[in-house]
Every structure is written in structure tokens, then in C-alpha cells.
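Letter by letter, the chains look like this.
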Amino acid sequence: YKHPLVYGSVIAAIGLHLFLRTRIGLRVRASGESVGVASAIGIDVIRLRLAVLTASGALMGLGGAVLGLAVLGAFSVNMVNGRGFIALACVMLGAWRPFGVVLAALFFGATDAFQFHAGVDVIGSWAQLAPYAAVLLALALLWGRNEGPRDEGRGIPSA
């Protein structure tokens with residue numbers, strides 16, 4: 001691709017990987033892994049989580065812009081078409097690490113591209129199931145091998 005948003009997505013993944021190794025990035029990781037410890041050492045977990053939520057929303061917007069402008073070339077109804085499920089599976093299969101998520105996304109992107117190169121006239125709409133079948137197969141094969149952050153989605157314990 002020659003669209004700058006594609007390169008921006010790659011730069012964002014590399015930047016996120018480097019960011020998570022900084023002091024602030026370690027605080028972000030601590031606020032998901034162990035909320036009690038993070039709040040005990042003085043991290044304002046609620047404020048930090050809101051900031052991370054805002055930044056992740058911006059990155060999701062960048063992903064939507066890449067899909068609409070760089071991949072498809074225009075907005076169309078149902079252009080996402082269930083890819084949010086695939087994105088969630090990429091996060092789980094990538095073990096909540098940026099490069100793991102990128103590798104999982106490349107794998108599922110290849111299965112999604114399969115439907116364009118498989119001769120849809122011959123196979124019909126069955127080729128459109130390839131990415132979703134690959135997601136289910138990968139989740140079934142790797143079930144229980146990696147876990148997400150322990151306290152992710154949990155509130156802050158009362159003092």
C-alpha cells in the first residue's frame with residue numbers, strides 16, 4: 001500500500017511497544033495487572049485508565065480510517081462486517097502484546113484476503129467465512145495458553 005495511514009498504523013504499533021517499556025507504560029500495565037498494588041504505590045488508576053481509554057479510542061479511529069480510506073477507498077455500509085470480533089481475537093491470541101497482536105492481525109488479514117483470491121464465483125459466500133473460521137480454530141487450539149491482565153475490568157478495591 002502507498003497510503004500514509006497504513007504506515008501510520010505500523011508506526012503506531014512500534015510506538016505502542018516502545019511506550020509500554022517506559023515508566024508511564026509500566027504504570028499502565030500495572031493498572032491492569034494489579035489494581036491494588038498500583039493504587040498502593042500512588043497511581044491514580046481511574047485517571048490513568050480514562051487516559052488509556054481515550055488513547056485507545058483514537059487508535060481505533062485510526063484503524064477505521066485505514067480501513068475506510070486505504071483499504072476500501074471509500075465508506076460503505078457494513079464495511080467493518082464483524083472485524084471487531086477478529087480484532088478482539090487478535091488481542092487475545094497476541095497475548096496482549098503489540099507485536100503479538102500485529103502477527104495475529106497479519107494472519108487473519110491473510111485469511112481475509114483469501115476470499116478475494118479464491119475465486120468467489122466458484123466458492124460463493126463460503127470464502128467469506130474463512131477469517132471467522134480461522135479465528136475460531138485458532139482460539140480453540142490456543143485456548144488457555146495465555147491469559148490477559150489479572151485485574152483488567154475490575155474496579156479499585158476499597159481501602
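Moving on, we get to the overall build of the protein chain. Summing up its helical and strand segments, the protein chain has eight helices and zero strands in all. Counting helices and strands in the order they occur from the N terminus, the protein chain gives α-α-α-α-α-α-α-α. Going through the 159 residues of the protein chain one by one, you find that 24% of them count as buried. In the protein chain, 61% of the contacts between residues at least 6 apart in sequence involve partners at least 24 apart. Put simply, the protein chain shows about 10,900 Å² of open surface, and 69% of that area lies on carbon and sulfur atoms.

Our next topic: helix α5 (residues 83-93). By the burial criterion, the buried members of α5 are I86, A89, C90 and L93. The buried residues of α5 occupy an angular sector of 105 degrees when projected down its axis, which confines them to one face. Immediately beyond the C-terminal end of α5, within one or two residues, lies A95, with a positive phi of roughly 60 degrees.

Here we take up the environment of N146. Within the element layout of this structure, N146 appears in the segment after α8 (130-141). Overall, N146 belongs to the partly exposed group, its relative accessible area being 27%. For N146 and G94, which are 52 residues apart along the polypeptide, the C-alpha to C-alpha distance reads 8.7 Å. The contacts of N146, once residues within four sequence positions are left out, are M92, L93, A95 and W96.

Cut-offs and rules
Residues numbered from 1 in each chain as written. Predicted model: local features only at pLDDT ≥ 70, side-chain atom pairs only at ≥ 80, totals over all residues. Heavy atoms only, no water. Helix = DSSP H or I, 4+ residues; strand = E, 2+ residues; numbered from the N terminus. Buried < 20%, exposed > 50% of the residue type's maximum accessible area, 1.4 Å probe, protein only. Contact = heavy atoms within 4.5 Å. Areas by Shrake-Rupley, 256 points an atom, 1.4 Å probe, with all protein chains shown as cover. Arc of directions from axis to C-beta.

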